[in-house]
Amino acid sequence: MADTTILKGVLKTWKDDRGFGFIQPDNGDKDIFVHISSLKGMARRPVRGDVMFYEVARDTGGKLKAVNARIEGVAYEQKFAKPKIWLWLLALVLGLVSAAVAAYFL
């Protein structure tokens, strides 16, 4: 179960090829493990020295880990809106017209 307290720390180490690292908490506690999966939606991957905000939870082995983490000053990736229905209809009509023209000339 995650602690809903938001903590702050600095990313002390980061192994980008493996997608994990350790945060040094500002409160002086022991370093805490952070996995790339806890940084969902960040516009970039973390780098050593980033200021991190996170919550704490226990993994299945009982060890503490950072969850719901984010990087200070880094935006979330923008999600693109789903295409409007009229775009799909336009594509369908163009496809039908193209098929009719091809059939007429063949």
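Structure: see above.
Everything in this summary refers to the structure shown in the same document.

How each quantity is defined
Residues take numbers from 1 onward in each chain, read along the sequence in its written order. Totals for whole chains, interfaces and linings use all residues, but because this is a predicted model, local features are given only for residues with pLDDT of at least 70 and pairs of side-chain atoms are given and counted only at 80 or more. Side-chain metrics rest on all non-hydrogen atoms present in the structure, leaving aside hydrogens and water. Between any two strands, pairing holds if DSSP finds at least two bridges. By definition, any uninterrupted DSSP run of H or I lasting at least four residues is a helix, any uninterrupted run of E lasting at least two residues is a strand, and each is numbered from the N terminus. A cavity, in this analysis, means grid points on a 1 Å lattice covering only the protein atoms where a 1.4 Å probe fits yet has no way out; a pocket is instead an open set bounded by protein on both sides within 12 Å along at least five of seven lines, and a residue lines either one if it has an atom within 4 Å of a point. Grid points are joined across faces, edges and corners, and a volume is the space filled by probe spheres set on the points. Residues are grouped as follows: Ala, Val, Leu, Ile, Met, Phe, Trp, Tyr, Cys and Pro are nonpolar; Asp, Glu, Lys and Arg are charged; every other residue, Gly included, is polar. For Phe, Tyr and Trp, where Trp contributes only its six-membered ring, two rings pair if their centres lie within 6.5 Å, and the inter-plane angle classes them as stacked under 30 degrees, edge-to-face over 60, or tilted in between. Note on exposure labels: buried denotes an accessible area under 20% of the residue type's maximum, exposed denotes more than 50%, and partly exposed covers the range between, all computed with a 1.4 Å probe on protein chains only. Side-chain atoms within 4.5 Å are what join buried Ala, Val, Leu, Ile, Met, Phe, Trp, Tyr and Cys residues into a set we call a nonpolar core.

Let's talk about the pairing of strand S5 (residues 64-71)
Point 1. As paired strands, strand S4 (residues 51-58) and S5 are joined by six bridges and run antiparallel to one another. Its bridge partner lying in S5, Glu-55 is registered against Val-67.
Point 2. Counting the residues between successive antiparallel strands, the hairpin from S4 to S5 contains five residues, one of them, Gly-62, with a positive phi of roughly 90°.

Let's talk about the layout of surface pockets
Point 1. Empty space within the largest pocket amounts to approximately 210 Å³.
Point 2. As for the largest pocket, its lining consists of Leu-7, Phe-22, Pro-25, Asn-27, Asp-29, Lys-30, Asp-31, Ile-32, Phe-33, Tyr-54, Val-56 and Leu-64.
Point 3. At the level of elements, strand S2 (20-25), strand S3 (32-35) and S4 are the ones that each hand at least two residues to the lining of the largest pocket.
Point 4. Counted by class, the lining of the largest pocket contains eight nonpolar, one polar and three charged residues.

Overview of the packing of aromatic side chains
Point 1. Applying the stated criterion to the full structure yields four aromatic pairs.
Point 2. Ring geometry for Phe-20 and Phe-22: centres 6.4 Å apart, planes at 85°, overall edge-to-face.
Point 3. By relative accessible area, which is 31% here, Phe-22 ends up partly exposed.
Point 4. Pairing Phe-22 with Phe-33 gives two aromatic rings, centres 5.8 Å apart and planes at 70°, and the pair type is edge-to-face. Of this pair, Phe-22 sits in strand S2 while Phe-33 sits in strand S3, and the two are 11 residues apart along the sequence.
Point 5. Judged by its relative accessible area of 28%, Phe-33 falls in the partly exposed class.
Point 6. Each residue in the set Phe-20, Phe-22 and Phe-33 is aromatic and connected to the rest through ring pairs, giving one cluster.

A short note on the nonpolar core
One broad rule of soluble globular proteins: the nonpolar side chains tend to lie buried together.
Point 1. Within the largest apolar cluster, 14 residues are counted, with the highest numbers of intra-cluster contacts made by Ile-23, Val-34, Met-52 and Tyr-54.
Point 2. Looking at this core, the elements with two or more residues in it are strand S1 (3-15), S3, S4 and S5.

The quantities given are spatial measurements derived from coordinates; they are silent on function.
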